[in-house]
Amino acid sequence: MAVRVQREDFDLGAEAAALEAGAGAVVTFTGIVRGGDVSAMTLEHYPGMTEAALAEIEAEARTRWQLSGATIIHRVGRLLPGERIMMVAAASAHRQAAFEAAEFLMDYLKTRAPFWKKEETGAGARWVDARETDESAARRWAAKG
Amino acid sequence: MKVLYFAWLRERIGESAEEISAEGLETVADLVAHLRARGPRYEAAFEAPEAVRVAVDQKVRDWDAPLKGAGEVAFFPPMTGG
């Protein structure tokens, strides 16, 4: 069980390997800053609430799937294209639970953890708008109860 | 109580945190009305209330949530992590 909010990068391989003991499957997801017209991205968060929200999301995943481990790491501060933003990992005896739990962790994190992204572009800086597709992705898990 | 602002609300208001007396404020909506009356920066931050989310003591709540006993109220746009 691990939830971390940090400025520094993380070691995806080491984090995944740490979940292998006792598991039959480990699924990881990594979010990376896209390039294109974005020259940098700054992530702001709500210290205290963020960690509590992530722990709650992880605990919720554990009530829905038999997980031998789960990890959520989210970076904050200014990041450049190509840099890792965050990762989730879910470990279980079998792949289906691990895949589903990893997707659930992502969907809930995007809409229920207090992070905000500001992008720098050639035309200035802009706060990223929340996407309705992210909200509907999170809602479909509620429908599955 | 402590009132916090994040992302573009923080930028528009020009503060990340301040102390506001809860006296006479029953709900989050009362607090928002009180803040909007403080001047154009607040008015600009809350001009589209449907774009603003609120947490009371670090739990997401609705605008009709009571403030009784609240120590910390935070305003922010919809979350965009991940």
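Nothing here was measured: the structure is a model prediction, and the numbers come from that model.

A. Spatial organisation of the overall build of chain B. Scanning chain B from terminus to terminus reveals three helices and five strands. Helices (α) and strands (β) of chain B occur, in sequence order from the N terminus, as β-α-β-α-α-β-β-β. For chain B, the C-alpha radius of gyration of 12 Å lies close to 12 Å, the compact-globule estimate for 82 residues. Taken along the three principal axes of its C-alpha coordinates, chain B extends 30 × 30 × 20 Å. Taken across its 82 residues, chain B has 46% of its residues classed as buried. Put simply, of all contacts in chain B between residues at least 6 apart along the chain, 54% involve residues at least 24 apart. Here chain B has roughly 4,100 Å² of accessible surface; of this, 48% comes from carbon and sulfur atoms. Taking the average place of the 10 positive charges on the side chains of chain B and the average place of its 14 negative ones, the gap between the two points comes to 4 Å.

B. The arrangement of helix α2 (residues 28-36) of chain B in detail. Residue and element names in this part refer to chain B. Of the positions making up α2, those classed as buried are Val-28, Leu-31, Val-32 and Leu-35. Looking straight down α2, one finds that the buried residues subtend no more than 100° of arc, so they occupy a single side. In this structure, the buried side of α2 is in contact with β1 (2-5), β2 (17-19), α3 (40-45), β3 (53-56) and β5 (72-76).

C. Representation of helix α3 (residues 95-112) of chain A in the model. Residue and element names in this part refer to chain A. With 18 residues, α3 extends 25 Å from end C-alpha to end C-alpha; this agrees with the ideal 26 Å at 1.5 Å per step. Ala-97, Ala-98, Ala-101, Ala-102, Phe-104, Leu-105, Met-106, Asp-107, Tyr-108, Leu-109 and Thr-111 are the residues of α3 that are buried. Here the buried face of α3 lies against β2 (25-32), α2 (49-64), β4 (67-75), β6 (84-92) and α4 (132-143).

Reading the values: the criteria
- Residues numbered from 1 in each chain as written.
- Chains lettered and ligands numbered in written order.
- Predicted model: local features only at pLDDT ≥ 70, side-chain atom pairs only at ≥ 80, totals over all residues.
- Heavy atoms only, no water.
- Helix = DSSP H or I, 4+ residues; strand = E, 2+ residues; numbered from the N terminus.
- Rg over C-alpha atoms; globule rule 2.2 N^0.38 Å.
- Buried < 20%, exposed > 50% of the residue type's maximum accessible area, 1.4 Å probe, protein only.
- Contact = heavy atoms within 4.5 Å.
- Areas by Shrake-Rupley, 256 points an atom, 1.4 Å probe, with all protein chains shown as cover.
- Lys, Arg positive; Asp, Glu negative; His and termini not counted.
- Charge placed at Lys NZ, Arg CZ, Asp CG, Glu CD.
- Arc of directions from axis to C-beta.
- Expected span 1.5 Å × (residues − 1).

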